[in-house]
Amino acid sequence: MTTNRPTATDFVQTPPTSTEGFNSLSVPTYRASTITYPNVDSFIARGSRGRHAYSYGLAGTPTSRTLADKLTALENGCDTFLTPSGLMAITVSCLAVLSAGDRVLLPETVYAPVRRFAADTLAKLNIEAHYYDPTKPVDLGAFGPELRLLWIESPGSITMEMQDIAALSKQAKDQGILVGCDNSWATPFYCRPLDLGADIVVEAVTKYLAGHSDLLLGSTTVRTNDLAGRIHAAIRALGVGVSPDDCFLALRGLETAHVRLTHVGRTALSLAEKLLQHENVTDVLMPALPSGSGHALWKQQYSGTCGVFSFVMLPDDEESYRARFARLQLMQIGASWGGTHSLIAPSPVADGRCGGRYDGKRINRLSVGLEDAKEIGADLDRFLDG
Ligand SMILES: *Cc1c(COP(=O)(O)O)cnc(C)c1O
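Residues numbered from 1 in each chain as written. Predicted model: local features only at pLDDT ≥ 70, side-chain atom pairs only at ≥ 80, totals over all residues. Heavy atoms only, no water.

Quick look at the layout of surface pockets
For clarity, the threshold we go by: Two kinds of site are reported from a 1 Å grid over the protein atoms alone, namely cavities, where a 1.4 Å probe fits but cannot get out, and pockets, open sets with protein on both sides within 12 Å along at least five of seven lines, and residues are called lining when an atom falls within 4 Å of a point. Grid points are joined across faces, edges and corners, and a volume is the space filled by probe spheres set on the points. For helices the rule is a DSSP run of H or I covering at least 4 residues; for strands it is a run of E covering at least 2, with both sets numbered from the N terminus onward. All residues other than Ala, Val, Leu, Ile, Met, Phe, Trp, Tyr, Cys, Pro, Asp, Glu, Lys and Arg, Gly among them, are scored as polar; the first ten of these are nonpolar and the last four charged.
Its volume calculated, the largest pocket comes out at about 790 Å³. Residue lining of the largest pocket: 33 residues in total, with Leu 58, Ala 59, Gly 60, Arg 65 and His 232 positioned closest to the centre. Secondary-structure elements contributing two or more residues to the lining of the largest pocket are α3 (62-75), β1 (79-83) and α8 (225-238). Broken down by class, the residue content of the lining of the largest pocket amounts to 14 nonpolar, 12 polar and 7 charged. Here the second largest pocket is characterised by a volume of approximately 490 Å³. Forming the boundary of the second largest pocket are 31 residues, of which Thr 135, Glu 161, Met 162, Ser 293 and Gly 294 lie nearest the centre. Looking at the lining of the second largest pocket, the elements that each hand over two or more residues are α6 (165-174) and β8 (281-285). Its residues assigned to classes, the lining of the second largest pocket shows 16 nonpolar, 8 polar and 7 charged.

Following this line, the structure appears as structure tokens:
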């Protein structure tokens, strides 16, 4: 009897199961830290096979490579690198192309955590960050030959200023300056910054591409093989890796991204038009609105709008402002955006931004979800009127 009992080895090893005939439409989730090699020679030579070979789980699995390849195709780039957050896609891009003594130029409207990264980490590395007003022409020459990277985020975080990606890229290229663009708002469905001349495009995959408020991922896609080598070196040096489960969810989310974007864009535009009519609303910050500043640029460079926009209200006292949020029945209060649930959040910006235009103002940012448009509108009425 005892001789028939499984051995310890039987518990450790798993016999192969056939996958023949299992033609699923879904991308398999491959998990691994260790990758094994068929013989010792291939193991010893593993470092010399280039960045696309599988060598260790940290360097990617077929699941993460599938997501990276899909994004490369969508962005019309040369290669894509995945990071555990959108923020890290930005920080890794900066670390990959900047060295001590260099300068980086960031828009005043940049995603706020990037400012902290510049002030803390880049400053320690003796890399100087400077800021420009994205609503005005910028003289790149004024920052000297140390300027290595021009960062674009269009539209700008919270206040939605459009930037001329094509013109800025041309200007930078003429001076040998690299251009990176945060395209999280538009996604490649509405804009492809590499086609407009940028060298690096970053997506917060967390937002619309994954689309369900349940994971964090970022991507950096580059125009050239040389840049791919530099980003890859930084990713490797820092030990950046992503979860195959998150990549699977992002791949699933991507399949419906264009449908979700089209739908929320339509709802958002109708809500923005409604807000424009309200007596307590002074500005609706949405580039797709014909009355909005930046609309001409939006029409030139973007093929649509997502569901994220902001509006500015006349000042009210603290108590009545808080009461507006307490009246909400559908929209929830939270940061981040791009999911299926509608969100609203008070979103003040730093004083002095874009000439101090928003100093002391009440800005609310909306991320329109997939709920019934009329019901979202009714909730907005509760917010506005009580
Ligand atoms: C949210 C956001 C990011 C960062 O994405 P995370 O995945 O949350 O780190 C970057 N850029 C913009 C414009 C964002 O809104």
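Moving on from the model shown.
Some points on the pattern of salt bridges
Just so we agree on the cut-off: Salt bridge, as used here: a side-chain nitrogen of Lys or Arg that lies within 4 Å of a carboxyl oxygen of Asp or Glu. The classification of residues rests on relative accessible area computed with a 1.4 Å probe and restricted to protein chains. Under 20% of the type maximum is buried, over 50% is exposed, and intermediate values are partly exposed.
This structure, assessed with the given rule, holds 15 salt bridges. Where Asp 195 meets Arg 192, a salt bridge forms, and the shortest distance between an N and an O atom there is 3.0 Å. Residue Asp 199 is joined to Arg 223 by a salt bridge in which the shortest nitrogen-to-oxygen separation is 3.6 Å. With a gap of 24 residues between them, Asp 199 in the loop between α7 (187-190) and β6 (200-204) and Arg 223 in the loop between β7 (218-222) and α8 connect regions that are remote in the sequence. Among the residues examined, Arg 223 registers a relative accessible area of 30% and is labelled partly exposed. Residues joined in a network through salt bridges with shared partners are Asp 316, Glu 318, Arg 322, Arg 324 and Arg 362.

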